[in-house]
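Residue strings, one per chain:
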Amino acid sequence: FLAALEEALGERPRILLSSFDWQLLRAAGARLTGRPLAPLAEAETAADDLLAIADDLDAWSVNCPAALADSELLGRAERPVLVYTVNDPVEARALFDRGVAGVFTDAPGRLRAELGART
């Protein structure tokens, strides 16, 4: 799998590798040195576990659901916190106001238009 991933990525340095499988992400980081990594967390993941793996991986960001992106995590992350999957502009605005660096969405055009209209 990692050989195929390495071949598929080629010389594209701006691709963020992110996964719920932290062991696979660790292996990808060892093989694909210099690639930005981001552990994905589920709502029931402990913030300490997410931050520990992010430190271990020297992750570029941590990616989590909104329920995990509280002020404690945001204050301790020392890297961008990206939240998935946010389709509601009100929720997105609240997350950005809280300090989240970015969101994953199913409707980027609509969300961008809505957020731009409210700034």
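Residues numbered from 1 in each chain as written. Predicted model: local features only at pLDDT ≥ 70, side-chain atom pairs only at ≥ 80, totals over all residues. Heavy atoms only, no water.

1. Brief notes about helix α3 (residues 47-57)
Considered for burial, the residues of α3 that qualify are Ala 47, Leu 50, Leu 51, Ile 53, Ala 54 and Leu 57. Angular distribution of buried residues about the axis of α3 spans 165 degrees; they occupy a single face of the element. Each element contacted by the buried residues of α3 is listed here: α2 (22-31), β2 (37-39), β3 (62-65) and α4 (71-76). Asp 58, located one to two residues past α3, shows a positive phi value of around 50 degrees. (Buried < 20%, exposed > 50% of the residue type's maximum accessible area, 1.4 Å probe, protein only. Helix = DSSP H or I, 4+ residues; strand = E, 2+ residues; numbered from the N terminus. Arc of directions from axis to C-beta. Contact = heavy atoms within 4.5 Å.)

2. Looking at the sheet that holds β3
Hydrogen bonds between backbone atoms are what pair the strands of a sheet, whose relative direction is either parallel or antiparallel. Taken in spatial order, the three strands line up as β3-β4-β5 in an open sheet, and their pairing is parallel. Looking at the sheet topology across the chains shown, the edges are occupied by β3 and β5 (102-103). Pairing of β3 with strand β4 (residues 81-84) involves four bridges; the strand directions are parallel. Directly across from Cys 64, in β4, lies its bridge partner Val 83. (Pairing = 2+ DSSP bridges.)

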